[in-house]
Amino acid sequence: MKDFILPPKDWDMGTPLSRTTETVSLRIDGFDVTVPAGTSVMRAAMEAGIKIPKLCATDSVQAFGSCRLCLVEIDGRRGTPASCTTPVTEGMAVKTQTPRLAKLRKGVMELYISDHPLDCLTCAANGDCELQDMAGMTGLRQVRYTPGDNHYAPTTAGSLSLNDIRAKAPDAATNARYIPKDDSNPYFTYDPAKCIVCSRCVRACEEVQGTFALTIEGRGFDSRVSFGAKTDDAMHSDCVSCGACVQACPTATLQEKSVAELGTPDRAVLTTCAYCGVGCSFKAELNGDRLVRMTPYKHGKANRGHSCVKGRFAYGYAEHPDRILNPMIRDRIDQPWREVSWDEALQFAAQRMRGLQQAYGPKSIGVITSSRCTNEETYLVQKLARAVFGNN
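Sequence positions are assigned chain by chain, starting from 1 and proceeding in written order. It should be noted that, the model being predicted, local features are given only for residues of pLDDT at least 70 and side-chain atom pairs only at 80 or more, the latter also being counted only at that level, while totals for whole chains, interfaces and linings use all residues. In computing side-chain values, all of the structure's heavy atoms are included and hydrogens and water are not.

## Remarks on the packing of aromatic side chains
Turning to step 1, where the next piece is worked out: For this analysis, a ring pair means two rings from Phe, Tyr or Trp (six-membered ring only for Trp) whose centres lie within 6.5 Å, classed as stacked if their planes differ by under 30 degrees, edge-to-face if by over 60, and tilted for the remaining angles. Taken as a whole and assessed by the stated rule, the structure comprises four aromatic pairs.
Turning to step 2, where the next piece is worked out: Here Tyr187 and Phe313 contribute two aromatic rings whose centre-to-centre distance is 4.9 Å and whose plane-to-plane angle is 10°, an arrangement assigned as stacked. Pair noted here: Tyr187 is in the loop between α4 (162-168) and β5 (188-190) and Phe313 is in helix α8 (residues 309-313), with a separation of 126 residues, a long-range link.
Turning to step 3, where the next piece is worked out: Remark: exposure states derive from per-residue accessible area (1.4 Å probe, protein chains only) relative to the maximum for the residue type, with buried under 20%, exposed over 50%, and partly exposed in between. Residue classification places Phe313 among the buried positions, given a relative accessible area of 10%.
Turning to step 4, where the next piece is worked out: Arranged with centres 6.4 Å apart and planes meeting at 35°, the rings of Phe188 and Phe313 form a pair that is tilted. Here Phe188 is found in strand β5, whereas its partner Phe313 is found in helix α8, with 125 residues between them in sequence.
Turning to step 5, where the next piece is worked out: Phe188 gets classed as buried once you look at its relative accessible area, which sits at 1%.
Turning to step 6, where the next piece is worked out: Ring pairs connect the aromatic residues Tyr187, Phe188 and Phe313, which therefore count as one cluster. The numbering of helices and of strands both runs from the N terminus, where a helix is a DSSP run of H or I of at least 4 residues and a strand a run of E of at least 2.

## What about the environment of Lys51?
Turning to step 1, where the next piece is worked out: Here Lys51 shows up in the loop between α1 (41-47) and β3 (73-74).
Turning to step 2, where the next piece is worked out: Using a relative accessible area of 41% as the deciding quantity, one classes Lys51 as partly exposed.
Turning to step 3, where the next piece is worked out: Note: C-alpha distance between Lys51 and Met13 (38 residues apart in sequence) is 8.8 Å.
Turning to step 4, where the next piece is worked out: Working rule for contacts: check all heavy atoms of both residues, and any pair within 4.5 Å makes them a contact. Each residue touching Lys51, except ones within four places of it in the same chain, is listed here: Trp11, Met46, Gln97 and Met137.

## What about the sheet that holds strand β9 (residues 267-272)?
Turning to step 1, where the next piece is worked out: Following DSSP output, two strands are said to pair if at least two bridges run between them. Across the sheet, three strands lie side by side as β9-β10-β11; this open sheet has antiparallel pairing. On the outer flanks of this sheet lie β9 and β11 (290-296), each paired with one strand and no other. Each neighbouring strand pair of the sheet contributes to a mean axis angle of 30°, computed without reference to strand direction.
Turning to step 2, where the next piece is worked out: Pairing between β9 and strand β10 (residues 281-287): six bridges, direction antiparallel. Bridge pairing in β10 links Thr271 to Phe282. The axes are straight lines fitted to the C-alpha atoms, using for helices just the contacting stretch, and the angles between their N-to-C directions are given from 0 to 180°.

## Section: the sheet that holds β3
Turning to step 1, where the next piece is worked out: Reading across the sheet, the four strands line up as β2-β1-β4-β3 and stay open at both edges, with mixed pairing between neighbours. Two strands lie at the open edges of the sheet, namely β2 (31-36) and β3, each paired on one side alone.
Turning to step 2, where the next piece is worked out: Strand direction decides the pairing type here: strand β1 (residues 23-28) and β2, joined by six bridges, are antiparallel. Paired with Ser25 across the bridge in β2 is Thr34.

Set out below in structure tokens:
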């Protein structure tokens, strides 16, 4: 008897939720599962707590079916269809764990790793890399392919560091397929050498943000993510730096500069964006007490896992040395500000406002709220004006 595991709330379910009210019942690895019609086999398995390996699939964009890692067996059907693009049907019987599937998945992962730099220990995505996770999940422990044509080595000397190349093979020819890292964007880097061409970033830019700044150029082994024309880099393209592509990327191809500089976050705190009044939900990811990055919360009612450039990247104010941390008051405009306790500050403000009302009447004080305030804060401000100041 297998354990039935309810998926954690933050699991990536692989494909979007079906919104239909009609339901379909099927059997996955011996479990009876009921899901909305139109649900993918992958998501149905995830709903039952059964993880299927994946690289090109994520629940923020529509299924694509390019990585061929999520193969399953379905009774009565030939072959091994991709679970992300296969919709469930009534009475379907699915197997996600068989020796045949394990062999196929390991072979697919071996092909991916054969054209990927193995600098995992010094990579900014170490510990937060789906390619790394899938290699472990499929049990890949060695790559049988000998070094050959690739996209990650700067020269034909192989996957050596640049210092090693200068010392051991100074006359090695340049690898024509190698493209240096693009760090023109102030918030993230694009490293084509680590790209697995899953198209998640392209689809996120199209389906989530709607900017269409990214595309796949070339065909076959020459395929690569492009920011437009060959002369365009990330900074000088149509990219608006919303970060949807960075969040969708399963490797370190698109990586926040803050993570590379400050390290991988080890905990997260759910919070609300401090900029406009939309109220986007974020996970503030920290390394110790140091804020490393802000990730849009997928279950946020206002933003549903997406954000603008301000909410995603413009959080430097949180630890800026000029940030005011304590209340300050002054008696006259020509005096310097002085820090006081909250009790003293509130008492000072109350006395001054009461004095103004006594001198000039109840309508002498009005209030203006900011678009950065939440609905709850604005409600409290109007209640203060009505109940305390006696002014509508």
